[in-house]
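Understanding the architecture of this molecule
Here is how the chains run, residue by residue.
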Protein chains: 2
Amino acid sequence: MVNYPKGVHHRSQAANTLSSGKKSLKGLTFGRRGMGLEGEINQANEFYLANHLAVVHKKPTPVTIVGVDYPARSAAKITEAYFQQPSTTDYNGVYQGRYIDFDAKETKNKTSFPMKNFHAHQVKHLADVLSQGGIGFVIVKFTVLDESYLYPASKLIRTWQAHDGHGSIKYQDLVANSYAIPDSLSPSLDYLKALDLLLADIH
Amino acid sequence: MVNYPKGVHHRSQAANTLSSGKKSLKGLTFGRRGMGLEGEINQANEFYLANHLAVVHKKPTPVTIVGVDYPARSAAKITEAYFQQPSTTDYNGVYQGRYIDFDAKETKNKTSFPMKNFHAHQVKHLADVLSQGGIGFVIVKFTVLDESYLYPASKLIRTWQAHDGHGSIKYQDLVANSYAIPDSLSPSLDYLKALDLLLADIH
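Residues numbered from 1 in each chain as written. Chains lettered and ligands numbered in written order. Predicted model: local features only at pLDDT ≥ 70, side-chain atom pairs only at ≥ 80, totals over all residues. Heavy atoms only, no water.

**A look at the interface of chain A and chain B**
Interface size, as often reported, equals the accessible area lost upon joining of the parts. Taken residue by residue, the interface counts 37 residues in chain A and 37 residues in chain B. Counting the surface lost from both chain A and chain B, the interface buries some 2900 Å², and carbon and sulfur atoms represent 65% of this. When the buried area of chain A at its contact with chain B is split by residue, A:I78, A:Y99 and A:Q132 rank highest and sum to 22% of it. One can count zero salt bridges joining chain A with chain B. Here the side of chain A that touches chain B is built from residues that sort into 18 nonpolar, 13 polar and six charged. Two strands pair when backbone bridges link them, and strand β3 (residues 77-83) of chain A and strand β3 (residues 77-83) of chain B are joined in this way by four bridges, in the antiparallel orientation. Its bridge partner being in β3(B), A:K77 is matched across the sheet by B:Y82. (Contact = heavy atoms within 4.5 Å. Buried area = accessible area lost by both parts, 1.4 Å probe. Salt bridge = Lys/Arg side-chain N within 4 Å of Asp/Glu carboxyl O. Nonpolar A, V, L, I, M, F, W, Y, C, P; charged D, E, K, R; others polar. Pairing = 2+ DSSP bridges. Helix = DSSP H or I, 4+ residues; strand = E, 2+ residues; numbered from the N terminus.)

Given below as structure tokens:
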């Protein structure tokens, strides 16, 4: 196995934070697996920000705050709140002057991707983004296959409408209409590589 | 006073939701005042979205969730959480293909705008946005004067650095370096009008 001094350190930190606490001698591979798709995207976004390649942030989880305590000499404590349905996607930002907007979905399925992973309001939001000239997509990861794809919003919207939000996309159809995110070390999910291919195709 | 059938209804609803419950016979003016700057921006964003002019959303308030209860047959209830310092600005989105990113600040001061309203991480974020070719700005409202301005991030960053984050910008200096947001009915804060002037100047 090759020794990757830079990658290992970064990923190990993330794995420590995000994994379930298990240990593995195959640090590199485990580190990435332990992160989950969201962890991989966050790591990529940190890398892009630090290297002035893109500015992309995950939006905070929306919550409805019902009760707050203000203890003396301490920070305000939220004592009652509920999770809200997000009205948009989880990630947006700017890449070379362009607005980009996407969500991330993973599945253990190996042969298809269930449409129920996409909510109507997210599909509508991506359609709004496209109509304003923004770049919309979904990062889909088949976790068992360890394959990730950038699936353009234009394809998702048409497929979702054709299926009326039900059923699933066959693996082959998704792959044929997507841009594979190549294996990479730092960041492990270098999705800008796939985005460059999408941008080249739409111009 | 002119009768504005469309505007009154929309703004009155918002005032009912957002004001402190006081009533006024001057519905139109009070309606807007009762909304506060955040309410005005949310109303403008809803108007822009419904009319396909721009897609801009406020980001959720970031909270660190510590405790969650999962009662049987009910929604998950967050029982302990704390407010986080936001790492970015409050609003971003896409306007005619361009990435826009901004924060909103109001002051009761009539002669200057205190620099302490801008946090270092927000100024850094706006600088990151500009370096990626995004459009960054701050909407500043002098509430007593009832005047709102679109203050470009490039000016804010230079002024903030010159003041080392302290002191304040004189009202005249801010106005001279900003684009006035004109009075409008629906939405009350039609900030895209000022943004068009900024975009015309930087091209």
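Additional details are given in the paragraphs that follow.
**Brief notes about the UniProt feature "site: Transition state stabilizer" (unreviewed entry) in chain A**
All names here are of chain A. Under the local residue numbering, the UniProt record ascribes the feature "site: Transition state stabilizer" (unreviewed entry) to K105. Counting through the fold element by element, K105 comes out in strand β5 (residues 98-107). Given the relative accessible area of 11%, K105 is considered buried. Setting aside residues no more than four positions away along its own chain, K105 makes contact with L37, F113, N117, F118, H119, Q122, V138, I139, V140 and K141. Among the polar contacts made by the side chain of K105, one reaches the main-chain carbonyl oxygen of N117 at a distance of 2.8 Å. (UniProt positions renumbered as here; feature names shortened; annotations may be inferred. Buried < 20%, exposed > 50% of the residue type's maximum accessible area, 1.4 Å probe, protein only. Polar contact = N/O pair within 3.5 Å; in protein donor to acceptor, adjacent residues only side chain to side chain.)

**Digging into the relation of the copies chain A and chain B**
Note on the identical chains: chain A maps onto chain B by a rotation of 180° and an axial translation of 0.0 Å, with an RMSD of 0.0 Å. Classification of the inter-copy transformation places it as that of a two-fold axis. (Least-squares fit on C-alpha atoms with pLDDT ≥ 70 in both.)

**Remarks on the layout of surface pockets**
By volume, the largest pocket is sized at about 1300 Å³. Along the wall of the largest pocket there are 46 residues; nearest its centre are A:P60, B:K59, B:P60, B:T61 and B:P62. When contributions to the lining of the largest pocket are tallied by element, the ones reaching two or more residues are α2 (27-50), β1 (55-58), β2 (63-69) and β4 (91-95) of chain A together with β1 (55-58), β5 (98-107) and α3 (120-131) of chain B. Counting residues per element, the lining of the largest pocket draws most heavily on α2(A), at five residues. Looking at the lining of the largest pocket, its residues break down into 13 nonpolar, 22 polar and 11 charged. (1 Å grid on protein atoms, 1.4 Å probe; cavity = no way out; pocket = protein on both sides within 12 Å on 5 of 7 lines; lining within 4 Å. Points joined across faces, edges and corners; volume = space filled by probe spheres on them.)

**Description of helix α3 (residues 120-131) of chain A**
Given 3.6 residues per helical turn, the α-helix brings residues three or four places apart onto the same face. Residue and element names in this part refer to chain A. The end-to-end C-alpha distance of α3, which contains 12 residues, comes to 17 Å, matching closely the 16 Å that a straight helix rising 1.5 Å per residue would cover. Every buried residue of α3 is listed here: Q122, V123, H125, L126, D128 and V129. Note on α3: the residue one or two positions beyond its end, G133, has a positive phi of about 85°. (Expected span 1.5 Å × (residues − 1).)

**Remarks on helix α4 (residues 153-163) of chain B**
Those residues of α4(B) that fall on the buried side of the exposure criterion are B:A153, B:L156, B:I157, B:T159 and B:W160. Immediately downstream of α4(B), the backbone of B:D164 shows phi near 55°, a positive value.

**Remarks on the UniProt feature "binding site: Mg(2+)" (unreviewed entry) in chain A**
All names here are of chain A. Here the UniProt-annotated "binding site: Mg(2+)" (unreviewed entry) positions come out as T88, D90, D103 and Q122. For the annotated residues, spread through 35 residues, the largest C-alpha to C-alpha distance comes to 9.4 Å, consistent with a single compact locus. Among the annotated residues just listed, those lining the largest pocket are T88 and D90. Looking at the secondary structure, you find D90 in the loop between β3 and β4. Relative accessible area serves as the criterion here: at 23%, D90 is assigned to the partly exposed category.

**Quick word on the packing of α3(A) against helix α4 (residues 153-163) of chain A**
Residue and element names in this part refer to chain A. As a packed pair, α3 and α4 sit with axes 10 Å apart at the nearest point and diverge in direction by 135°. Here α3 is positioned oblique relative to α4, judged by the angle of their axes. As α3 runs across α4, the sense of the crossing is left-handed. Contacts from A120, V123, L126, A127 and L130 in α3 reach A153, S154, L156, I157 and W160 in α4. (Axes fitted to C-alpha atoms, helices over the stretch in contact; angles between N-to-C directions. Parallel < 35°, antiparallel > 145°, perpendicular 65-115°, else oblique. Left-handed = near helix turned anticlockwise from the far one by under 90°.)

**Notes on the environment of A:D103**
Residues and elements named next belong to chain A. Within the element layout of this structure, D103 appears in strand β5. Residue classification places D103 among the buried positions, given a relative accessible area of 3%. Taking C-alpha positions, D103 is 8.8 Å from T88, a pair spaced 15 residues apart along the chain. Residues within four places of D103 in sequence aside, it is in contact with T88, T89, D90, Y91, Q122, F137, V138 and I139.

**Here's the deal with the pairing of β5(B)**
Residues and elements named next belong to chain B. Counting buried residues in β5 gives eight out of 10 residues, a clear majority hidden from the surface. Where strand β4 (residues 91-95) folds back on β5, the antiparallel hairpin that results is connected by two residues, among which Q96 adopts a positive phi of roughly 50°. In this sheet, strand β7 (residues 135-142) lies alongside β5 in parallel orientation, the contact comprising eight bridges. Bridged to D103 within β7 is V138.

**What to know about the sheet that holds β2(A)**
Spatially, β2(A)-β3(A)-β3(B)-β2(B) is the arrangement adopted by the four strands of the open sheet, whose pairing is antiparallel. Each end of this open sheet is capped by a strand with a single partner; those strands are β2 of chain A together with β2 (63-69) of chain B. Taken over all neighbouring pairs, the strand axes of this sheet differ in orientation by 30° on average, direction set aside. As defined by bridge partners, β2(A) adjoins β3(A) across six bridges and the pair is classed as antiparallel. Bridge pairing links A:I65 to A:A81 in β3(A).

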